Amino acid sequence: MNNNKKYGFDTRTIHGGSTGKNPNNALNPPIFQTSTFVFDNIDHAEQVMSFKSDDYVYTRGNNPTLRLLENRMAELEYGKGAVAFSSGMAAISSVLFSFLKPNDNIIVHRTLYGSSYSVVTKLLPKYNVEYKIVDLTNLEELKTAIDGKTKIIYFESPSNPNLAIINIKRVAQIAKDKNIKVIVDNTFASPYFQNPLLLGADVVVHSATKYICGHGDVVGGVAVAKDKDYIQSLKFDYMCEFGGVMSPFNAWLLLRGLKTLGLRMRQHEKNAIEVAKFLKNHPKIESVMYPGLEDFKGHDIAKEQMNGFGAMISFEIDGGLEDVKKFVEKIKLAQLAVSLGDCETLIEVPAIMTHRGYPNEKLREFGLTDSMVRISVGLEDYQDIIEDLEQAL
Ligand SMILES: Cc1ncc(COP(=O)(O)O)c(C=O)c1O
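Let us look at the structure shown here.

About the criteria used
For every chain, the first residue of the written sequence is number 1, and numbering continues from 1 along that sequence. At least 70 in pLDDT is required for a residue's local features to be given in this predicted model, at least 80 for side-chain atom pairs to be given and counted, and no such filter applies to totals for whole chains, interfaces and linings, which use all residues. Hydrogens and waters are ignored; side-chain quantities use all the structure's heavy atoms. Axes, fitted as lines to C-alpha atoms, cover a helix only where it is in contact. Angles between the N-to-C directions of the axes lie from 0 to 180 degrees. Under the DSSP-based scheme used, a helix requires at least four consecutive residues in state H or I and a strand at least two consecutive residues in state E, with every element numbered from the N terminus. Crossing handedness is read from the near helix: turned anticlockwise from the far helix by less than a right angle, it gives a left-handed crossing, and turned clockwise, a right-handed one. Whether two residues touch is decided by their heavy atoms; if any such pair falls within 4.5 Å, the residues are in contact. Under the convention adopted here, Pro, Cys and the residues Ala, Val, Leu, Ile, Met, Phe, Trp and Tyr are nonpolar, Asp, Glu, Lys and Arg are charged, and Gly plus all remaining residues are polar. Pairing of aromatic rings covers Phe, Tyr and the six-membered ring of Trp, with a centre-to-centre limit of 6.5 Å; geometry is then stacked below 30 degrees between planes, edge-to-face above 60, and tilted otherwise. Only protein chains enter the accessibility calculation, which uses a 1.4 Å probe. A residue is then buried if its area is under 20% of the maximum for its type, exposed if over 50%, and partly exposed in between. Two distance rules govern patches: like charges are joined within 9 Å, and nonpolar side chains (Val, Leu, Ile, Met, Phe, Trp, Tyr) within 5 Å, applied only to residues with over 30% relative accessible area and no salt bridge. Only the protein chains shown count as cover for residues, and the accessible areas themselves come from Shrake-Rupley with a 1.4 Å probe. Any Lys or Arg side-chain nitrogen located within 4 Å of an Asp or Glu carboxyl oxygen qualifies as a salt bridge. Under this rule, positive means Lys or Arg and negative means Asp or Glu; His and the chain ends count for nothing. The atoms used to mark charge sites are NZ of Lys, CZ of Arg, CG of Asp and CD of Glu. Roughly parallel here means an angle under 35 degrees, roughly antiparallel means over 145, roughly perpendicular means 65 to 115, and every remaining angle is called oblique.

Two numbers describe how helix α4 (residues 88–99) lies on helix α5 (residues 114–126): the axes approach to 10 Å, and their chain directions differ by 35°. Handedness of the α4/α5 crossing: right-handed. Residues Met89, Ile92, Ser93, Leu96 and Phe97 of α4 form the contact with α5, whose own contacting residues are Ser115, Ser116, Val119, Val120 and Leu124. Its residues placed into classes, the contact of α4 with α5 shows seven nonpolar, three polar and no charged.

Take a look at the structure:
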C-alpha cells in the first residue's frame, strides 16, 4: 500500500506501508528485536552497506519493524519517507541540526514546547546559529524578520500550550521564494486533523509519544518529508550518527496505537468540544483557548487548514497561581501530569511544568500566565470530565 492514496485515513492507519505478508502468515507484524542482521556472504554485505540492497545491517540504521512504522507514517502524512526517532525531541533536534550551520539563523514562533524552545535559544547559539522569535500569526512580522541568513521557519500549529494557529500555506509561500525550509510540529493535531506537507511545509515532526501512541506507554518521535533524498540523509547522516534511534518494541506499540488513531481522534474531539463549551460558560474561567470556538483568534484558519480542531484546550482561571494550585489539587478524575494525547484526561500548569524553561519575562510577554491550565481531553465519558472540572472549580 505504499503511497496508495485511494484508501481512507482509517484504512491507511491499519494497512498503510505494508510490504507484503508477515512471517508465518501472522496477522500482526513481529517485533524484530535484534540489534544486528546477518549477511549471506561478503558480496551481500557489500550490496547492503552500499545501499544497493534494501536489506538490513544494524538496528541503529534500520530494522523491519521501524521501516513499517516509517512507511505507514509517510503515507499518513503524504510524505515520500519518514524517520523514526527515540523521542519527539530527538526528531526535532536532528531535523534542525540537519539544515543549519554556523552563521545561519532560524525563525520560530513565540510559543513552542519548552524543550524545543531550549534547543533553539540555548543549544543552537552554542554553534553560532542565531534565532529570531516572531509572532508567526502576523505574517508582516515574519517578512520583516527574514534575512539572507534565514534557513528555517519552525513552529507548532496548534501551538503548545496556547493553541495559536499559524497559516501554514501562507508561511510556506513566503518561505519558498527565499529557499527557506518550513518545519511544522504537528503533534497537537496528529495526521488525522492536519497534514502540513499538503499545505506546503517541507518537513513535519511529531512527538509520537502523544496521539500516535495514544496510550501513554511509549516515548518516540517521527519526521516525515516530501524529499526522499533528504529522508535518506536525515536517517543516515543524523539519526544514525547522533544515535537517537527508536526501539523495535516501541515501533511495534506505535503501529498498534496507530490502528485506532482516527477512532480516538474523533472521540477526543467530541469530548473536547463539550469541555470547551462548559469552560466557556463558567463564571470562574477568564478565557478559553480552543481552535474549535468560533470567537477564538485562529478559528477561521484552523477551519481552512485542519479537518477538525483536536482535543487540547488551555484556559485561564480567574485568580493567580494559588487559585490554580487549589483547582488542580481538587481534580479527581483527570491526572496532574505533563504529556498529552492519552486515553486519560491530563491536566497541567504550563508556567510551572512544561514551559518552565521559558524565562519569566518571556512567559509574561507571550501570554503564558500563572493562571493558565492546559488540559488534554481524554476518552472518558465527557460528562465525567466536566463534572470533575466543575467540582474543582
Ligand atoms: C508539541 C510537542 N512537541 C514535541 C514534544 C517533545 O516530544 P517527546 O517528549 O516525545 O520528546 C512535546 C512533548 O510534550 C510536545 O508537546
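Still to come is the rest of the account.
What follows covers the packing of aromatic side chains. Under the definition given, this model contains 12 aromatic pairs. Taken together, a centroid distance of 5.6 Å and an interplanar angle of 80° make the contact between Phe97 and Tyr127 edge-to-face. Of this pair, Phe97 sits in helix α4 while Tyr127 sits in the loop between α5 and β3 (130–134); the two residues are 30 residues apart in sequence, bridging distant segments of the chain. Since its relative accessible area comes to 47%, Tyr127 is described here as partly exposed. Aromatic ring contacts, followed pair by pair, group Phe97, Tyr127, Tyr238 and Phe242 into a single cluster.

Turning to a negative patch on the surface, a few remarks are in order. On the surface, Asp381, Asp384, Glu387 and Glu390 cluster together to form a negatively charged patch. Following the sequence through the fold, Asp384 ends up in helix α15 (residues 382–392). Asp384 gets classed as partly exposed once you look at its relative accessible area, which sits at 38%.

Quick look at the environment of Ala145 now. Residue position: Ala145 is located in helix α6 (residues 139–145). The residues contacting Ala145, other than those within four sequence positions of it, are Ile107, Lys132, Val134 and Thr150.

Across the interface, helix α11 (residues 261–280) lies against α15 with an axial gap of 9 Å and an inter-helix angle of 30°. Taken together, α11 and α15 sit at an angle that is classed as roughly parallel. Taken as a pair, α11 and α15 cross one another with a handedness that is right-handed. Residue-level contacts link Asn271, Glu274, Val275, Phe278 and Leu279 of α11 to Tyr382, Ile385, Ile386, Leu389 and Glu390 of α15. Grouping the constituent residues of the contact of α11 with α15 by class yields seven nonpolar, one polar and two charged.

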